[in-house]
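Topology and contacts: notes
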Amino acid sequence: MPLDQLTDEEIESEEGKEMSFLDHLEELRWHIIRAVGSIFVFALIAFVYIEDIFRIVIMGPKNPDFWTYRMMCKLSEISGYTDLCVTKLNFELQALGVSDQFTMALTSSAIIGLCFAFPYAFWELWRFIKPGLRNVEKEAARGAVFFVSLLFLLGLFFGYFIVSPLAINFLANYQITPEIKNQFDITSYIGILVTLSLGCALIFQMPMIAYVLSKVGVLTPKFMREYRKHAWIVILVVAGIITPSPDIYSQVLVALPLAMLYEVSIIVSGRIEKARLKAQRELMNS
């Protein structure tokens, strides 16, 4: 039985003796079961409403009246750069296989279930990891579930509302010759949408990665400041890859948040180093 389902007396008894390897596996199994169960529940709910989800959410970046494209048209009016406004997406979607639509419904439901259940699933895994940490490490990792979940959701929204529409707009309107019509497979379209959205969700974990690496002494703010220019170049390259559109506005829209994340990571690393130096001084004075 998992530790979180034991009584207070049983917990004290369990803490008094060291858990065996099999006990740890049993504990991990229950956390994984609950995490996967939460994903399954949200996936089931998504499958029930899959028609509306496809029409509103998944097919959203395909329509010229999508929120991002409306904002781009307003930006084009302000900047005078008319090519920035999206009025037409020149492509059609089709399902080539007999079971493609049903497979896409299942796959999309599973992905949506993962996105909605991520905070709880991560919390379950964190509950398994946290008891093995020392008190100092637990104190340092306070709020980890909140910040990891927040950054994941921010990255997911950024990928869905900014990166994916820019990439889809460029690829949909790019033609070598007008004689070749853009008729994309639905799996290809959803693959781009999912890859870019989840990819940004992972990229947005940069401050948390900097936090962990700084805590273990691998990363320092001095190192990040020294290689800031190199990092910006890498960010511009990444922005150019994930937004294939050649216009500078699209690349800037993607590069700016990534650069801000890098600067936030420097601040996080600096605070960790400051706290570590303060602790060292207090230890020397005591």
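Residues numbered from 1 in each chain as written. Predicted model: local features only at pLDDT ≥ 70, side-chain atom pairs only at ≥ 80, totals over all residues. Heavy atoms only, no water.

The name an unreviewed UniProt entry gives the chain is Sec-independent protein translocase protein TatC, with Spirosoma arboris as the organism. The UniProt entry for the chain carries the following comment under Sequence similarities (unreviewed entry): "Belongs to the TatC family." (UniProt positions renumbered as here; feature names shortened; annotations may be inferred.)

1. Here we look at a positive patch on the surface
A cluster of basic residues, Arg-271, Lys-274, Lys-278 and Arg-281, forms a positive patch at the surface. Among the secondary structure elements, Lys-278 is positioned in helix α12 (residues 248–285). (Patch = residues over 30% accessible without salt bridge, like charges linked within 9 Å, V, L, I, M, F, W, Y side chains within 5 Å. Areas by Shrake-Rupley, 256 points an atom, 1.4 Å probe, with all protein chains shown as cover. Salt bridge = Lys/Arg side-chain N within 4 Å of Asp/Glu carboxyl O. Lys, Arg positive; Asp, Glu negative; His and termini not counted. Charge placed at Lys NZ, Arg CZ, Asp CG, Glu CD. Helix = DSSP H or I, 4+ residues; strand = E, 2+ residues; numbered from the N terminus.)

2. Section: the nonpolar core
Within the largest apolar cluster, 45 residues are counted, with the highest numbers of intra-cluster contacts made by Phe-54, Tyr-189 and Val-254. Elements supplying a minimum of two residues to this core: α3 (50–58), α4 (67–79), α5 (100–129), α7 (144–173), α8 (186–203), α11 (228–242) and α12. Here the element with the most residues in this core is α7; it accounts for 8 residues. Setting aside chain neighbours within four positions, we find Tyr-189 in contact with Ile-58, Met-59, Pro-61, Lys-62, Phe-91, Leu-93 and Ile-168. (Core = buried A, V, L, I, M, F, W, Y, C linked by side-chain atoms within 4.5 Å. Buried < 20%, exposed > 50% of the residue type's maximum accessible area, 1.4 Å probe, protein only. Contact = heavy atoms within 4.5 Å.)

3. What to know about the packing of aromatic side chains
Tallied over the full model, the rule gives 16 aromatic pairs. Between Phe-47 and Phe-102, the ring centres sit 6.4 Å apart and the planes meet at 90°, which makes this aromatic pair edge-to-face. With Phe-47 in helix α2 (residues 21–48) and Phe-102 in helix α5, this residue pair connects regions lying 55 residues apart in the sequence. Connected via pairs of aromatic rings, a cluster forms that spans Phe-66, Trp-67, Tyr-69, Phe-157, Tyr-160 and Phe-161. Here Arg-29 stacks its cationic end above the ring of Trp-30, 5.4 Å away from the centre of that ring. Over the face of the ring belonging to Phe-91 we find Lys-62, whose NZ or CZ atom lies 5.6 Å from the ring centre. (Phe/Tyr/Trp six-rings, centres within 6.5 Å; stacked < 30°, edge-to-face > 60°. Lys NZ or Arg CZ within 6 Å of the ring centre and 35° of its normal.)

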